[in-house]
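Coordinates in review
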Amino acid sequence: MTRTKRHRIVFFDLRRIGMPVGAVTSILHRITGILLAAGVPWAVYLLDLSLGSSQSYLRAVALLDHWAVRGAAILMAWALAHHAFAGVRHLLADIDVGSRLQAARRSAWLVNLGAVAVTILVARVLL
Amino acid sequence: MRLSIFRFDPDRDRKPYMQDYELVPEPSERMLLDVLVRLKTVDDSLTFRRSCREGVCGSDAMNINGRNGLACITPVSGLKEPVELRPLPSFPVIRDLVVDMSQFFKQYHSIRPYLINDEPEPDKERVQSPEERAQLDGLYECILCACCTSQCPSSWWNPEKFVGPAGLLQAYRFIVDSRDRAGAQRLDDLNDPFRLFRCRTIMNCTEVCPRGLSPSRAIEKIRLMMVKASL
């Protein structure tokens, strides 16, 4: 049959496939993990800069005063909060806590909204 | 009622497309399958599977407005219009809403979905107590419609390595069956980074199961059994 591989297609359009709150939380867990990993070298650089000398400490402070760095710090605060909350949610599920559907939906919402709440608090401190 | 349906004929089309239909459902046409059956009388090229028309055979699994389900037990009332119907995501399309389920059943067969018991057969049958029988509730009802596996991101990325929620629910069904004697081998077979542990507890499977079953919970129980067995 010539129709096999040449014409064989698959419906796989993520924009058309519904994502329940658990799936959204899982996707965000991945994204925040990538963000945190990408942020590590910058955080180490800033720490190193702040510990070098009094001048370099002032440079680090000046850098943190920049709006773009503050924005990045707020983004990282969200990533850290979300990743930590989602990780705890996973650990609890692994010991049979909150793993039924209704509880899992609630905890997924809690993770997403909790991370936003932490981000707002951090933003209020930084801005 | 407006519908937008995924169409693809491999003998004629180079690409799939969405075809719009409009009809007024009769009072007796309460389920989505009823509407599809009538559409078929208007356009006999429209292709979909169906058999029992009451949620028992699992043939008419499809993606309904982004969510997998069975057309025969999906009420027409309450569906957002236009009702978008597509084949099960990630499964190769044979034609229109009909998909190739070979890979799905390959994974299902890989868990050896039958009782394994080499002990001498009793005269009549292997009797279970009511409590032992109750262990199978919430598991034996699976109709293998593939709604769960087709909506599972772990299955999307690793269909050949990850057993998938339906196969794992069935695996648990045999692990907890008091008449089965291969529980340890079954656990050993699943103790693999991909076959079982690719599940990320996203729970799309449990969200969409048209029978209200919980494959994610079965997977979790298998994991807990593995931990207990290793202690």
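Residues numbered from 1 in each chain as written. Chains lettered and ligands numbered in written order. Predicted model: local features only at pLDDT ≥ 70, side-chain atom pairs only at ≥ 80, totals over all residues.

1. Comments concerning the overall build of chain B
The criterion, for reference: Each helix corresponds to a stretch of at least 4 residues labelled H or I by DSSP, and each strand to a stretch of at least 2 residues labelled E; elements are numbered beginning at the N terminus. With C-beta atoms placed from the backbone, a residue is labelled by how many other C-beta atoms lie within 10 Å of its own: buried for 20 or more, exposed for 12 or fewer, partly exposed between the two. Here, residues touch in the contact sense if the C-beta positions derived from the backbone fall within 7 Å of one another.
Of regular secondary structure, chain B possesses 9 helices and 7 strands. Once the C-alpha set of chain B is aligned to its principal axes, its extents read approximately 60 × 35 × 30 Å. Counting the 231 residues in chain B, one finds 39% classified as buried. Restricting to contacts in chain B with at least 6 residues of sequence separation, those with at least 24 account for 65%.

2. Notes on the domain arrangement of chain B
Residues and elements named next belong to chain B. Heads up, the condition is: Residue ranges for the domains trace back to a domain assignment, done automatically or taken from a database. All amino acids are sorted into three groups, where Ala, Val, Leu, Ile, Met, Phe, Trp, Tyr, Cys and Pro are nonpolar, Asp, Glu, Lys and Arg are charged, and the leftover types, Gly among them, are polar.
As far as domains go, chain B holds domain 1 (2–99) and domain 2 (102–230). In this structure, domain 1 and domain 2 have C-alpha centres spaced 29 Å apart. Residue-level contacts link 14 residues of domain 1 with 12 residues of domain 2. With 4 residues, the single largest contributor to the side of domain 1 that touches domain 2 is strand 4 (residues 67–70). Grouping the constituent residues of the side of domain 1 that touches domain 2 by class yields 8 nonpolar, 5 polar and 1 charged.

3. With respect to the interface of chain A and chain B
Rules: What makes two strands pair is DSSP finding at least two bridges between them.
Counting residues at the interface gives 21 residues for chain A, matched by 27 residues for chain B. Elements that contribute at least two residues to the side of chain A that touches chain B include exactly strand 1 (9–10), helix 2 (21–52), helix 4 (67–94) and helix 5 (101–126) of chain A. Here the element with the most residues in the side of chain A that touches chain B is helix 2 of chain A; it accounts for 3 residues. Its residues assigned to classes, the side of chain A that touches chain B shows 10 nonpolar, 6 polar and 5 charged. Of the strand pairs in this sheet, strand 1 of chain A and strand 6 (residues 92–95) of chain B are connected by 2 bridges, and their pairing is antiparallel. Paired with Val10(A) across the two strands is Pro92(B), which belongs to strand 6 of chain B.

4. Some points on the sheet that holds strand 7 (residues 98–99) of chain B
Across the sheet, which stays open at both edges, the 3 strands sit in the order 1(A)-6(B)-7(B) with antiparallel pairing between neighbours. One side of each edge strand has no neighbouring strand; the edge strands of this open sheet are strand 1 of chain A together with strand 7 of chain B. Where strand 6 of chain B and strand 7 of chain B come together, 2 bridges link them in antiparallel fashion. If you follow Arg95(B) over to strand 7 of chain B, its bridge partner there is Val98(B).

5. Looking at the sheet that holds strand 5 (residues 83–86) of chain B
The strands that make up a sheet are held in pairs by hydrogen bonds between backbone atoms, and each pair lies either parallel or antiparallel. All names here are of chain B. Inclusion rule: For helices, the fitted axis covers only the stretch in contact; all axes are lines through C-alpha atoms, and the angles between them, taken along N-to-C directions, range from 0 to 180 degrees.
Strand order across the open sheet formed by 5 strands is 2-1-5-3-4, with mixed pairing between neighbours. The strands lining the two open edges of the sheet, one partner per strand, are strand 2 (17–22) and strand 4. The sheet shows a mean angle of 35 degrees between the axes of neighbouring strands, taken without regard to direction. Where strand 3 (residues 61–64) lies against strand 4, 4 bridges are found, and the strand directions are antiparallel. Each bridged residue has a counterpart across the sheet, and for Ile-64 the counterpart in strand 4 is Arg-67.

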